[in-house]
Amino acid sequence: MADQYAQSGEDNRPTEIPAIRWDEPPEGPVLVLLDQTRLPAEEVELVCTDAPALVEAIRTLAVRGAPLLGIAGAYGVALAAARGFDVDEAAQALSGARPTAVNLAVGVRRARAAYRDALAGGGDPEQAAAAALQAARALHREDAEASARMAEHGLALLDELLPGGGHRLLTHCNTGALVSGGEGTAFAVALSAHREGRLRRLWVDETRPLLQGARLTAYEAARNGMAYTLLTDNAAGSLFAAGEVDAVLIGADRIAADGSVANKVGSYPLAVLARYHHVPFIVVAPVTTVDPDTPDGASIEVEQRAGHEVTEVTAPQVPVAGAAGGGIPVAPLGTQAYNPAFDVTPPELVTAIVTEEGAVSPVTASALAELCARSRQVTIS
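This report concerns the structure included in the present document.

Definitions and limits used
- Residues numbered from 1 in each chain as written.
- Predicted model: local features only at pLDDT ≥ 70, side-chain atom pairs only at ≥ 80, totals over all residues.
- Heavy atoms only, no water.
- Core = buried A, V, L, I, M, F, W, Y, C linked by side-chain atoms within 4.5 Å.
- Buried < 20%, exposed > 50% of the residue type's maximum accessible area, 1.4 Å probe, protein only.
- Helix = DSSP H or I, 4+ residues; strand = E, 2+ residues; numbered from the N terminus.
- Contact = heavy atoms within 4.5 Å.
- Salt bridge = Lys/Arg side-chain N within 4 Å of Asp/Glu carboxyl O.

### Some points on the nonpolar core
Okay, step 1: One finds Leu33 and Leu54 to be the most contacted residues of the largest nonpolar core, which totals 46 residues.
Okay, step 2: Breaking this core down by element, the ones donating at least two residues are strand 2 (20-23), strand 3 (30-34), strand 4 (44-48), helix 1 (51-59), helix 2 (66-82), helix 3 (87-95), helix 4 (102-120) and helix 5 (125-161).
Okay, step 3: Counting residues per element, this core draws most heavily on helix 2, at 11 residues.
Okay, step 4: One finds Phe240, Val290, Leu349 and Cys372 within the second-largest nonpolar core, a separate group that totals 29 residues.

In structure tokens form, the structure reads like this:
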């Protein structure tokens, strides 16, 4: 395993520092990631030269977000192929790096299939590696296009549900350009509302684990000049009670066949609050996040993260010697912590699921199946 860091310049903007890119320096191809664990304090690029380095980057959340994980997985297979490593071994390691995020396995399978098809067709390993890279680049491009369409469909739905503009939107975790080949999923909808002058306020949940709303969504909102306010996750109820939330917009890491939605932990309580207060709860995700092989929410594997993320306060640039996670202890030594990365929201609490192929509402197994079938027909044609 090998990786290295390269510091970016202070004047760069998010559009100039892509969340992921393929590079081919003289010493060989590499996958370059914007290290999201260092944001917002530093914009630092992490250079992965092999699949184990990328697996570590995925596990530590240096690269994250369902659509981007799919892209990363595909590029990881291409990287293993281009550098002459065992592609099947790399694919297996990459697919298991984040069990809840279905897009990761989808991206890995797509690039590995392209690699195998090239070999089966008589191509040599170099040609097969080129085929895997072409598949990864195609997935990257398609995700950018899907992001734009999701934003369009999502804004149209908001305008239908909330005529008159002036939207006050609550979002959870991070769903912008940092998780996508384009401008994101749920955040892209809010950004479109902002550009159209129809966003009054973006409420940003801080979001555990690793405060991805505070560190990443606030970072993207500030960079785009959006009106936003950060809040602790457990303060959301008071906003609903005060009538300050017009709609909730979240992304998804996996959507089961019945419409159950796995997203960053804290999403389910928001859905319950939204239902009680008669506020639309909208999920924005690409069709690839819908997993027809997962029948329902109970079948979704929920990743459990290290307890020290709860029992310690960490700052990546200021490690503390002797602590389990390198942070400052805030709980007694030996405290056990429950730290799921995700929770699951049942379909009856979801107002709509917005994809690049349109919105599904009400959310039912048959409606999702029809949407996926339509998407496959579009892809084939």
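Now that the structure is up, let's keep going.
### Focus on helix 6 (residues 186-195)
Okay, step 1: Of all 10 residues making up helix 6, 8 are buried, and the element is well covered by its neighbours.
Okay, step 2: For helix 6, the set of buried residues is Ala186, Phe187, Ala188, Val189, Ala190, Leu191, Ser192 and Ala193.
Okay, step 3: On the buried face of helix 6, the contacting elements are helix 5, strand 5 (167-171), strand 6 (199-205), helix 7 (212-223), strand 8 (247-250) and strand 11 (281-284).
Okay, step 4: Within two residues after helix 6, Gly197 carries a phi angle of roughly 75°, on the positive side.

### Details of the pattern of salt bridges
Okay, step 1: Taken as a whole and assessed by the stated rule, the structure comprises 15 salt bridges.
Okay, step 2: Of the charged contacts in the structure, one is a salt bridge between Arg198 and Asp159, with a shortest N-O distance of 2.6 Å. Of this pair, Arg198 sits in the loop between helix 6 and strand 6 while Asp159 sits in helix 5; the two residues are 39 residues apart in sequence, bridging distant segments of the chain.
Okay, step 3: Taking relative accessible area as the criterion, Asp159 reaches 24% and is therefore assigned partly exposed.
Okay, step 4: For Asp246, the salt bridge is made with Arg168, and the minimal N-O distance between the two is 2.9 Å. Of this pair, Asp246 sits in the loop between helix 8 (236-241) and strand 8 while Arg168 is found in strand 5, placing the two residues 78 residues apart along the sequence.
Okay, step 5: Classification of Arg168 by relative accessible area gives buried; the value is 14%.
Okay, step 6: Salt bridges sharing partners connect three or more residues here, namely Arg98, Glu303, Arg305 and Glu309.

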